[in-house]
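# Architecture and fold: a report
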Amino acid sequence: MKTEVIVIDRKALRPQDGEAGYPELDRQLAGAARILRDGGLVAFPTETVYGLGADGLNAGAAEKIYAAKGRPSDNPLILHISSREEIFPLVEEVPETAGILMEKFWPGPLTMIFRKSGIVPYQATGGLDTVAVRMPDDIVANRLIALAGVPVAAPSANLSGRPSPTTAAHVLQDMDGRIEMILDGGPVGIGVESTIVDVTGRIPVLLRPGAITLEMLSEAVGQVDIDPAILGPLTADVRPKAPGMKYRHYAPKAELVLVEERGGAASGRAGSGQAPVGNAVISRIRELAGEKIKEGHVVGIICTDETRDCYPEGIVRSVGRRGDEETIARSLFAVLRQFDDIGAEYIYSESFARDNLGRAIMNRLTKAAGYHIIYCGDQERRP
Ligand code: AMP
Ligand code: MG
């Protein structure tokens, strides 16, 4: 299959004076919408990561997503809609808390789990009686879904097990020849996948942390529980609520190890933002990297702008500014992919605070590391 790449010029997309809607964008998206209606696959930008879209009400089309990604068939998809009303045919009911969250955070990076209606095929839900629904904020995603006229089932547009794509080039790397079209809308804004909340029970449960943080959710609806799978690995025999949690996700090819200061920078204080990283972490990473470099291995180090100069050896990549977590979320997956391209064999990474957006960052990092974390004890801090 030949994969067509269409570059969307975002600057040309603003509605002109006196014009209703986005006629120029709609013209650019007409072919992509037709592919979706005809049961084909189109990768498209959203504000979180690039999605791999198919008609979510067409069982055969949804199955193609699993084949293209090499994704296990019990790992469900998220249905993407373009306006709030489109949720009603897809779900049995919209619980009150869900209504509040929809009002506050849609369109945006929040996915909610509902009991599914009869029209949603099990091929889109990994066989579950629940369905995940999100209304993306990105205008390209929004218009594409509206023009397709169907809910668009879309997981991240990467091969299963690889880091999620945050640029169209990442999508092409994984999907060239496997899907009909890629819409290149430039780099995404957020960089980690949507927050997932199960709203089917009395108390909402956070299944995957993202840019809509636990703190923001609690402020809106009170108590929100955290699924245990967010905190650590699951055993093979449980059927997890968010099946993505079961698989080693977001994984680079290298062996990735996180280095964390116990009771230090990475545990953070609620609302305090990112504390500076400790000297103990830096010297431990230097020591671990040094050993592998001496053995002749290709070694990567993940740090931040604040500590970039602390590592004299190895291939050093900053993921952003510790003082601005959004920069870290935005480039984390791209940095993991760069290390794949370079052929890194070992990667040592600094850790981050586990509250606010840091919860999402650390969730992706610890999963990419297969939960391999080395703790060190020094309480000393660097500015
Ligand atoms: P992705 O963002 O590509 O990892 O794909 C969507 C993710 O949404 C899956 O891996 C699941 O974690 C989650 N998900 C989708 N549908 C459901 C559902 N019905 N129940 C729980 N989690 C879901
Ligand atoms: Mg994914």
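Residues numbered from 1 in each chain as written. Chains lettered and ligands numbered in written order. Predicted model: local features only at pLDDT ≥ 70, side-chain atom pairs only at ≥ 80, totals over all residues. Heavy atoms only, no water.

### Quick word on the packing of aromatic side chains
- As enumerated under the stated definition, the model contains zero aromatic pairs in all.
- When the ring centre of Tyr 122 is taken as reference, the NZ or CZ atom of Lys 116 above it lies at 4.2 Å. (Phe/Tyr/Trp six-rings, centres within 6.5 Å; stacked < 30°, edge-to-face > 60°. Lys NZ or Arg CZ within 6 Å of the ring centre and 35° of its normal.)

### Focus: the packing of helix α8 (residues 325–342) against helix α9 (residues 357–368)
- At a minimum axis separation of 9 Å, α8 and α9 run at an interaxial angle of 20°. Our classification of the angle between α8 and α9 gives roughly parallel. Crossing of α8 over α9 shows left-handed handedness. Counted together, Glu 325, Glu 326, Ile 328, Ala 329, Leu 332, Phe 333 and Leu 336 of α8 and Leu 357, Gly 358, Ile 361, Arg 364, Leu 365 and Ala 368 of α9 form the full contact between these two elements. (Axes fitted to C-alpha atoms, helices over the stretch in contact; angles between N-to-C directions. Helix = DSSP H or I, 4+ residues; strand = E, 2+ residues; numbered from the N terminus. Parallel < 35°, antiparallel > 145°, perpendicular 65-115°, else oblique. Left-handed = near helix turned anticlockwise from the far one by under 90°. Contact = heavy atoms within 4.5 Å.)

### A word on the pairing of strand β13 (residues 299–303)
- In terms of burial, β13 is largely enclosed, as five of its five residues are buried.
- Here β13 shows no split at all, with Val 299, Ile 301 and Cys 303 on one side and Gly 300 and Ile 302 on the other all buried.
- Where β13 and strand β15 (residues 346–350) come together, four bridges link them in parallel fashion. What sits directly across from Ile 302, in β15, is Ser 349.
- Both β13 and strand β14 (residues 315–318) contribute to a ladder of four bridges, which runs parallel. Directly across from Gly 300, in β14, lies its bridge partner Ile 315. (Buried < 20%, exposed > 50% of the residue type's maximum accessible area, 1.4 Å probe, protein only. Pairing = 2+ DSSP bridges.)

### Here we look at the pairing of strand β9 (residues 195–198)
- A two-sided burial pattern is seen for β9, the buried positions comprising Thr 195 and Val 197 on one face and Ile 196 and Asp 198 on the other.
- In this sheet, β9 lies alongside strand β5 (residues 110–115) in parallel orientation, the contact comprising four bridges. In the strand pairing of β9, Met 112 is matched with Val 197.
- Taken together, the three bridges between β9 and strand β10 (residues 205–208) define a ladder with antiparallel strand orientation. Bridge assignment links Val 197 to a residue of β10, and that residue is Leu 206.

### Observations concerning the environment of Ala 67
- Mapped onto the fold, Ala 67 is located in helix α2 (residues 59–69).
- Separated by 19 residues in sequence, Ala 67 and Thr 48 place their C-alpha atoms 23 Å apart.

### Remarks on the confidence of the model for the protein
- Taken as a whole, the protein shows an average pLDDT of 91; of its residues, 90% reach a score of 70 or greater.
- Of the regions scoring below 50 in pLDDT, residues 265–272 engages in 19 contacts with residues more than four places distant in sequence or in other chains.
- This model gives residues 379–383 a pLDDT under 50, and the stretch forms 22 contacts once residues within four places in sequence are excluded. (pLDDT = per-residue confidence, 0-100.)

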